Amino acid sequence: VKEFTASSLDLLRAKRGEKTLGDWCCLYFNITNFRSFNRAYGVEAGDRFIKRIAETLQACFPDGFIGHLSADNFAAIVRRTEAKAGIRRVTEEIRDGVRSKSIQLKTGIYLPEEGADDDTLKAALDRARLACDSISQDATQDAAVYSSRMQEESEKRTYLLNHFESALAQGDIHVYYQPVVRT
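Residues numbered from 1 in each chain as written. Predicted model: local features only at pLDDT ≥ 70, side-chain atom pairs only at ≥ 80, totals over all residues. Heavy atoms only, no water.

S.K.: Before we go on, may I ask you to explain the overall build of the chain in this structure?
M.R.: For the chain, the count of helices and strands is six helices and five strands. Reading the helices (α) and strands (β) of the chain from amino to carboxyl end gives α-β-α-α-β-β-α-β-α-β-α. Residues counted as buried form 36% of the 183 residues belonging to the chain. Counting contacts in the chain only where the partners sit at least 6 residues apart, residues at least 24 apart contribute 71% of the total. (Helix = DSSP H or I, 4+ residues; strand = E, 2+ residues; numbered from the N terminus. Buried < 20%, exposed > 50% of the residue type's maximum accessible area, 1.4 Å probe, protein only. Contact = heavy atoms within 4.5 Å.)

Printed below as a string of structure tokens:
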């Protein structure tokens, strides 16, 4: 991610002469259940599938900056005006090329606020990832736009996970059992 953000910022500065994200948005792509694809079709087929996704992203966002972050994750910085149509096209092409309904391309979208500067690019990608993660288990949604509510929910989950054991040990959590009654 660090290399992608640095390279993207350099390209924004050099090619576009832009110092802020301005008319750009950050996208985070995740292929759900990619491991099952590799198990079903083999690692070589998985590698070809990843390459195809990269090529599709480049074709759909020719002016964008595309990065392969990990096995099943990609990031892109694209013009806002191209985002909606490009996401739709990428999603349809991947859906048409996969034989399994459990394997989907999910997209998280972050639309930077006016005046967002270079220092916020990593944060922008993190927010796009958070939006993507928010729909990872929802088969009815292909894309989600980041909202501050997502950040708040993530922070609450993290707080609960980090403090659960101490709350249980201190007696702040009480366990009640419901009897099972058979008639």
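S.K.: Quick question: what am I supposed to make of the packing of helix 3 (residues 43-60) against helix 4 (residues 80-97) here?
M.R.: Between two packed helices, the angle of one axis relative to the other and the distance separating the axes together describe the packing. Two numbers describe how helix 3 lies on helix 4: the axes approach to 9 Å, and their chain directions differ by 150°. As judged from the angle between their axes, helix 3 and helix 4 are roughly antiparallel. For helix 3 against helix 4, the interelement crossing comes out right-handed. Here helix 3 contributes F49, R52, I53, T56, L57, A59 and C60 to the contact with helix 4, which in turn contributes G86, R89, V90, E93, I94 and G97. Broken down by class, the residue content of the contact of helix 3 with helix 4 amounts to seven nonpolar, three polar and three charged. (Axes fitted to C-alpha atoms, helices over the stretch in contact; angles between N-to-C directions. Parallel < 35°, antiparallel > 145°, perpendicular 65-115°, else oblique. Left-handed = near helix turned anticlockwise from the far one by under 90°. Nonpolar A, V, L, I, M, F, W, Y, C, P; charged D, E, K, R; others polar.)

S.K.: Is there a simple way to explain the pairing of strand 1 (residues 24-31) in this structure?
M.R.: Remember that side chains alternate between the two faces of the sheet whenever the strand is regular. Among the eight residues that make up strand 1, eight are buried, leaving the element largely enclosed by the rest of the structure. Where strand 1 and strand 4 (residues 105-110) come together, six bridges link them in antiparallel fashion. The residue bridging N30 from the neighbouring strand is K106, located in strand 4. (Pairing = 2+ DSSP bridges.)

S.K.: What should I look at first to understand the packing of aromatic side chains in this one?
M.R.: The geometry of an aromatic ring pair is captured by two quantities: the separation of the ring centres and the angle between the planes. Using the criterion set out here, one finds six aromatic pairs in the structure. Arranged with centres 5.4 Å apart and planes meeting at 75°, the rings of Y110 and Y146 form a pair that is edge-to-face. Here Y110, found in strand 4, pairs with Y146, found in the loop between strand 5 (143-145) and helix 6 (148-169); they are 36 residues apart in sequence, far enough to count as distant. Taken together, the aromatic side chains of F34, F37, Y41 and F49 make up a single cluster linked through ring pairs. (Phe/Tyr/Trp six-rings, centres within 6.5 Å; stacked < 30°, edge-to-face > 60°.)

None of this, on its own, says anything about what the molecule does.
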